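# Per-entry structural report
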Amino acid sequence: MKKGKLTFFTLTILLLLIGFLAFYFNDNHQLYGNDKDSIVKVIKSIKGYENKSIEILEVKDFIDLRVVGFLSDNSPGYIQFRKNKDDNFVWNYVQVRDDETFSSFIPDPLRMFMFVANNENEIAKMQVSINGQKLEQKFIPYKATVAWVDFPETDNSQYEFRNYKYYDKDGNLIKENN
């Protein structure tokens, strides 16, 4: 009888050890966006981005939200992370605009534009009307950058965007969208 109890005890300990090791190794393989190197690993772990070149341009934190502007094979994009209960950043959204040199994004739930440009971008200035208020942002052409523009204050959470205008470094109109 003593031998049977010892075997049951040994088997129980062995199962607990296997369960702990499985949990430990599974948890350690989770990728977090806690620094630039790990952010690149997270992006490359996403289907479709495994073999792309990734260049991190800017990491910006907003309390429990992290937004990262990057280039994927020289195309502008961003990835968004949320802080979990262990203070690790877990990705929840990624977007890339293939074959563009300059792109604007509005990361949720922020009320601001995020502009991401690669080193082929010729846009030096952009103007847009938001709820009737004209906003202007300057950029450094031919340099990979990220720029942020806050939306104007409003009584509600609705925004109307009109009259986008893009200019080169000499002030010449490149493109206009209404």
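Residues numbered from 1 in each chain as written. Predicted model: local features only at pLDDT ≥ 70, side-chain atom pairs only at ≥ 80, totals over all residues. Heavy atoms only, no water.

### Here's the deal with the packing of aromatic side chains
Think of a pair of aromatic rings as described by two things: how far the centres are apart, and how the planes are tilted against each other in angle. The full count for this structure, using the stated rule, is 14 aromatic pairs. With a centroid separation of 5.6 Å and an interplanar angle of 65 degrees, the aromatic rings of Phe-62 and Trp-148 are classed as edge-to-face. A residue pair is termed long-range when its members are at least 10 positions apart, and Phe-62 in strand β1 (residues 54-62) and Trp-148 in strand β9 (residues 145-150) qualify at 86 residues. Ring geometry for Phe-113 and Phe-151: centres 5.2 Å apart, planes at 75 degrees, overall edge-to-face. Taken together, the residues span a long stretch of sequence, with Phe-113 in strand β6 (residues 112-117) and Phe-151 in the loop between β9 and β10 (161-167) at a distance of 38 residues. In this pair, the class of Phe-113 matches that of Phe-151, namely buried. In this arrangement the basic side chain of Lys-125 is found over the ring face of Tyr-167, its NZ or CZ atom lying 4.8 Å from the centre. Taking NZ or CZ as reference, Lys-175 lies 5.5 Å from the ring centre of Tyr-166, over its face. (Phe/Tyr/Trp six-rings, centres within 6.5 Å; stacked < 30°, edge-to-face > 60°. Helix = DSSP H or I, 4+ residues; strand = E, 2+ residues; numbered from the N terminus. Buried < 20%, exposed > 50% of the residue type's maximum accessible area, 1.4 Å probe, protein only. Lys NZ or Arg CZ within 6 Å of the ring centre and 35° of its normal.)

### Some details on the sheet that holds β9
What holds strands together in a sheet is hydrogen bonding between their backbones, with the strands either parallel or antiparallel. The 3 strands are arranged β5-β6-β9 in an open sheet whose pairing can be described as antiparallel. In the strand order of this sheet, the two ends are held by β5 (102-105) and β9, each with one partner. In this sheet, adjacent strand axes meet at a mean angle of 20 degrees when their direction is disregarded. In this structure, β6 lies alongside β9, joined through 6 bridges in antiparallel fashion. Across the sheet, residue Phe-115 finds its bridge partner in β9, namely Ala-147. (Pairing = 2+ DSSP bridges. Axes fitted to C-alpha atoms, helices over the stretch in contact; angles between N-to-C directions.)

### A look at the environment of Val-128
Checked against the element boundaries, Val-128 lands in strand β7 (residues 125-130). What makes Val-128 buried here is its relative accessible area of 2%. Put simply, Val-128 and Glu-176 are 48 residues apart on the chain and 9.8 Å apart in space, counted from C-alpha to C-alpha. Discounting chain neighbours no more than four positions away, the residues touching Val-128 are Phe-113, Gln-133, Lys-134, Leu-135, Arg-162, Asn-163 and Tyr-164. (Contact = heavy atoms within 4.5 Å.)

### As for the pairing of β7
Within β7, 5 of the 6 residues are buried, which leaves the element mostly enclosed by the surrounding structure. Here β7 folds back onto strand β8 (residues 133-138) in antiparallel fashion, the turn holding 2 residues, of which Asn-131 has a positive phi close to 50 degrees. As judged from the 5 bridges shared by β7 and β10, these two strands associate in the antiparallel manner. Residue pairing in the sheet places Ile-130 in a bridge with Phe-161 of β10.

### Overview of the pattern of salt bridges
Per the stated rule, a full pass over the model turns up 5 salt bridges. A salt bridge links Asp-86 to Lys-85, with the nearest nitrogen and oxygen atoms 3.5 Å apart. A salt bridge links Glu-160 to Arg-162; the nearest nitrogen and oxygen atoms lie 2.8 Å apart. Accessibility expressed as a relative area gives 45% for Arg-162, which makes it partly exposed. (Salt bridge = Lys/Arg side-chain N within 4 Å of Asp/Glu carboxyl O.)

### Comments concerning the sheet that holds β10
Here we have 4 strands laid out as an open sheet, ordered β8-β7-β10-β11, and antiparallel in their pairing. The two strands at the open ends of the sheet, each matched to only one other strand, are β8 and β11 (173-177). If you compare each strand with its neighbour and ignore which way they point, the axes differ by 15 degrees on average.

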